[in-house]
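# Topology and contacts: notes
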Amino acid sequence: GAVVSQHPSRVICKSGTSVKIECRSLDFQATTMFWYRQFPKQSLMLMATSNEGSKATYEQGVEKDKFLINHASLTLSTLTVTSAHPEDSSFYICSARASMSYTFGSGTRLTVV
Amino acid sequence: GENVEQHPSTLSVQEGDSAVIKCTYSDSASNYFPWYKQELGKRPQLIIDIRSNVGEKKDQRIAVTLNKTAKHFSLHITETQPEDSAVYFCAASKRNQAGTALIFGKGTTLSVSS
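Let me sum up the structure you'll find in this document. (Residues numbered from 1 in each chain as written. Chains lettered and ligands numbered in written order. Predicted model: local features only at pLDDT ≥ 70, side-chain atom pairs only at ≥ 80, totals over all residues. Heavy atoms only, no water.)

### Section: the sheet that holds strand β7 (residues 67-73) of chain A
Residue and element names in this part refer to chain A. Ordered in space as β1-β3-β8-β7, the four strands form an open sheet in which the pairing is antiparallel. Either end of the sheet is taken by a strand with one partner, and the two such strands are β1 (4-7) and β7. This sheet shows a mean twist of 15° between the axes of neighbouring strands, independent of strand direction. Taken together, the four bridges between β1 and strand β3 (residues 19-25) define a ladder with antiparallel strand orientation. Within β3, the residue paired with glutamine 6 across the bridge is cysteine 23. (Pairing = 2+ DSSP bridges. Helix = DSSP H or I, 4+ residues; strand = E, 2+ residues; numbered from the N terminus. Axes fitted to C-alpha atoms, helices over the stretch in contact; angles between N-to-C directions.)

### Some words on the nonpolar core
Counting 39 residues, the largest nonpolar core has Tyr36 of chain A together with Trp35 and Phe104 of chain B as its most contacted members. For this core, the leading source of residues is strand β9 (residues 86-95) of chain B, giving six residues. Aside from chain neighbours lying at most four places away, what touches tyrosine 36 of chain A is Leu44, Met45, Leu46, Met47, Phe91, Tyr92, Ile93, Ser95 and Phe104 of chain A together with Ala101, Leu102 and Phe104 of chain B. (Core = buried A, V, L, I, M, F, W, Y, C linked by side-chain atoms within 4.5 Å. Buried < 20%, exposed > 50% of the residue type's maximum accessible area, 1.4 Å probe, protein only. Contact = heavy atoms within 4.5 Å.)

### Some words on the environment of leucine 102 of chain B
Inspection of the secondary structure assignment puts leucine 102 of chain B in strand β10 (residues 100-104). Taking relative accessible area as the criterion, leucine 102 of chain B reaches 0% and is therefore assigned buried. Taking the C-alpha atoms as reference, leucine 102 of chain B lies 22 Å from isoleucine 77 of chain B; in sequence the two are 25 residues apart. If sequence neighbours within four positions are ignored, leucine 102 of chain B has contacts with Tyr36 and Tyr102 of chain A together with Tyr32, Pro34, Tyr36, Ala91, Ala92 and Ser93 of chain B.

### Points about the sheet that holds strand β1 (residues 4-7) of chain B
Residues and elements named next belong to chain B. In space, the five strands of this open sheet follow the order β1-β3-β8-β7-β6, with antiparallel pairing throughout. If you trace the sheet from one side to the other, it starts and ends with β1 and β6 (56-59), each paired once. Here the strands of the sheet are splayed against their neighbours by 15° on average, with no regard to which way each runs. The pairing of β1 with strand β3 (residues 19-25) spans four bridges and is antiparallel. Bridged to valine 4 within β3 is tyrosine 25.

### Section: the pattern of salt bridges
Enumeration according to the criterion identifies five salt bridges over all chains in this entry. Salt-bridge contacts for glutamate 59 of chain A lead to lysine 94 of chain B; the nearest nitrogen and oxygen are separated by 2.9 Å. Of this pair, glutamate 59 of chain A sits in the loop between β6 (57-58) and β7 while lysine 94 of chain B is found in strand β9, placing the two residues in two different chains. Taken individually, glutamate 59 of chain A and lysine 94 of chain B each receive the classification buried, so the pair is uniform in this respect. Of the charged contacts, one joins aspartate 88 of chain A and lysine 66 of chain A as a salt bridge, the two residues approaching to 2.8 Å between their closest N and O atoms. Of this pair, aspartate 88 of chain A sits in the loop between β8 (76-81) and β9 (90-98) while lysine 66 of chain A sits in the loop between β6 and β7; the two residues are 22 residues apart in sequence, bridging distant segments of the chain. Judged by its relative accessible area of 5%, aspartate 88 of chain A is buried. On the accessibility criterion, lysine 66 of chain A (10% relative accessible area) is buried. (Salt bridge = Lys/Arg side-chain N within 4 Å of Asp/Glu carboxyl O.)

### Points about the state of the cysteines
On inspection of all chains with the given rule, the structure shows two disulfides over all chains. Shown here is the disulfide that connects cysteine 23 of chain A with cysteine 94 of chain A, its sulfur atoms set 1.9 Å apart. As the torsion about the S-S bond is roughly -95°, the cysteine 23 of chain A-cysteine 94 of chain A disulfide counts as left-handed. With cysteine 23 of chain A in strand β3 and cysteine 94 of chain A in strand β9, the pair connects residues that are 71 residues apart, well separated along the chain. This pair shows no difference in class: cysteine 23 of chain A is buried, exactly as cysteine 94 of chain A is. The residue that forms a disulfide with cysteine 23 of chain B is cysteine 90 of chain B, at a sulfur-sulfur distance of 1.9 Å. Across the S-S bond of cysteine 23 of chain B and cysteine 90 of chain B the torsion is about -95°, and the bridge reads as left-handed. In this pair, cysteine 23 of chain B sits in strand β3 while cysteine 90 of chain B sits in strand β9, placing the two residues 67 residues apart along the sequence. (Disulfide = S-S within 2.5 Å.)

What follows is the structure in structure tokens.
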């Protein structure tokens, strides 16, 4: 089946630094990638939708200058958390539509200290 | 935009009992309704889904029903087992200018005691 590989699985960074998260579709072309954030014991909240070769569409309340999304190819999308702060600590997970269903990456646990 | 409400937030049942989780959605254009099981720190796992042209779908102990008129859908798990304990999320599709994303409910923590 369709597989999305997400890296890193865990990252700890200092406040003020930037962190890049990568999602790769391994056996299919992900024209569209969705990025979610999940705080502990909460739901997955859609952050943005990215299409290959174009600017991402951000959900209301998500700062596009803070969460930079790049979707330069049909198999790679990246999310960069810029100038990270402790309140950005969360579980970030990507999802791509493959055929008639959605495939999720394994998630990235970001801790900002 | 799409809003998905999910109830209950927690559900405790005895092994062998049935469990029902209900969701409502607001966007009548939504046409895809998956259910996911998520274990702590892991990715959501699709357990069953239903499309708007179908009213009910069953897969062994799991079934989903959809009422398009009322905009609600439900997950039914029969003969629950301890390994069914997890957080379950419903979702509904939402089309925007960039694509069709999934909007999730707040989740139900199911606990099955033996």
